[in-house]
Amino acid sequence: MPETNPPSRALAGDVDTEHRIRELEAEIARLQAEIDRRSDDELRTWIKAVRDEGRMVREMRKTLSWRVTRPLRLARFLQIKVAEIGVAKTSQLAVADLRRRYLGRRR
């Protein structure tokens, strides 16, 4: 004859199992809340960085270093363009860019 657990032991096992299931469900809910909180923190950090990007670029361009090196960067850019496409084409592009910039401001 097969051994069977007495009813009281079987019920005790069921209660332990149910208790363990409730503990695990609570742990899952806690971990999901933690994931959600961290995701929200990451999103807020990213949004703040994107929002501040324009301000940071404007502040960088106001620095003495940026203002001093800007003409040097432009000269180097023109030097590279001349080597790539020639003096005539570079001149045409430079004039077109200046017209676009300065005629656009008068409007």
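Conventions adopted
Residues numbered from 1 in each chain as written. Predicted model: local features only at pLDDT ≥ 70, side-chain atom pairs only at ≥ 80, totals over all residues. Heavy atoms only, no water. Helix = DSSP H or I, 4+ residues; strand = E, 2+ residues; numbered from the N terminus. Buried < 20%, exposed > 50% of the residue type's maximum accessible area, 1.4 Å probe, protein only. 1 Å grid on protein atoms, 1.4 Å probe; cavity = no way out; pocket = protein on both sides within 12 Å on 5 of 7 lines; lining within 4 Å. Points joined across faces, edges and corners; volume = space filled by probe spheres on them. Nonpolar A, V, L, I, M, F, W, Y, C, P; charged D, E, K, R; others polar. Phe/Tyr/Trp six-rings, centres within 6.5 Å; stacked < 30°, edge-to-face > 60°. Lys NZ or Arg CZ within 6 Å of the ring centre and 35° of its normal. Patch = residues over 30% accessible without salt bridge, like charges linked within 9 Å, V, L, I, M, F, W, Y side chains within 5 Å. Areas by Shrake-Rupley, 256 points an atom, 1.4 Å probe, with all protein chains shown as cover. Salt bridge = Lys/Arg side-chain N within 4 Å of Asp/Glu carboxyl O. Expected span 1.5 Å × (residues − 1). Bend = angle between axes of the 7 residues up to and from the residue. Contact = heavy atoms within 4.5 Å. pLDDT = per-residue confidence, 0-100.

A word on the overall build of the protein chain
Reasoning step 1: Within the protein chain one finds three helices and zero strands.
Reasoning step 2: Within the protein chain, the proportion of its 107 residues that are buried is 2%.

Examining the layout of surface pockets
Any empty space left between the atoms is revealed when a probe the size of a water molecule rolls over them.
Reasoning step 1: Approximately 380 Å³ is the volume attributed to the largest pocket.
Reasoning step 2: Contributions of two or more residues to the lining of the largest pocket are made by α2 (64-85) and α3 (87-106).
Reasoning step 3: Considering each element in turn, the lining of the largest pocket owes the most residues, eight residues, to α3.
Reasoning step 4: Residue classes in the lining of the largest pocket are distributed as seven nonpolar, one polar and five charged.

Quick notes on the packing of aromatic side chains
The description of two aromatic rings rests on the distance between their centres and on the angle between their planes.
Reasoning step 1: Under the definition given, this model contains zero aromatic pairs.
Reasoning step 2: The ring of Trp66 has Arg73 sitting right over it, with the charged end atom 3.7 Å from the ring centre.

Focus: a nonpolar patch on the surface
Reasoning step 1: A contiguous nonpolar surface patch, about 390 Å² in accessible area, is contributed by Leu43, Trp46, Ile47 and Val50.
Reasoning step 2: Tracing the sequence through the fold places Leu43 in helix α1 (residues 7-61).

Topic: the pattern of salt bridges
Reasoning step 1: Here the structure, examined in full by the defined rule, presents twelve salt bridges.
Reasoning step 2: With its nearest N and O atoms 3.8 Å apart, the salt bridge here joins Asp52 to Arg55. With Asp52 and Arg55 both in helix α1 and three residues apart, this pair spans about one turn of that helix.
Reasoning step 3: Put simply, Asp97 and Arg100 hold a salt bridge, and the shortest N to O gap is 2.3 Å. In this pair, Asp97 and Arg100 both sit in helix α3, three residues apart, roughly one turn of the helix.
Reasoning step 4: Several salt bridges share partner residues, and in doing so they unite Glu34, Arg37, Arg38, Asp41 and Arg44 into one network.

A closer look at α2
Reasoning step 1: Across its 22 residues, α2 extends 32 Å between first and last C-alpha, which sits within 8% of the 32 Å expected from 1.5 Å per residue.
Reasoning step 2: Of all the bends in α2, the largest measures some 35° and sits at Arg70, one to four residues before the proline Pro71.
Reasoning step 3: Taken from the residues just after α2, Gly86 is the one with a positive phi, measuring 95°.

As for the side chain of Thr90
Reasoning step 1: Here Thr90 shows up in helix α3.
Reasoning step 2: Not counting residues within four places of it along the chain, the set of residues in contact with Thr90 comprises Leu78, Lys81, Val82 and Ile85.

Examining the confidence of the model for the protein chain
Reasoning step 1: Of all residues in the protein chain, 85% attain a pLDDT of 70 or more, and the chain-wide mean is 86.
Reasoning step 2: Between the elements of the protein chain, mean pLDDT differs from a low of 86, seen in α3, to a high of 92, seen in α2.

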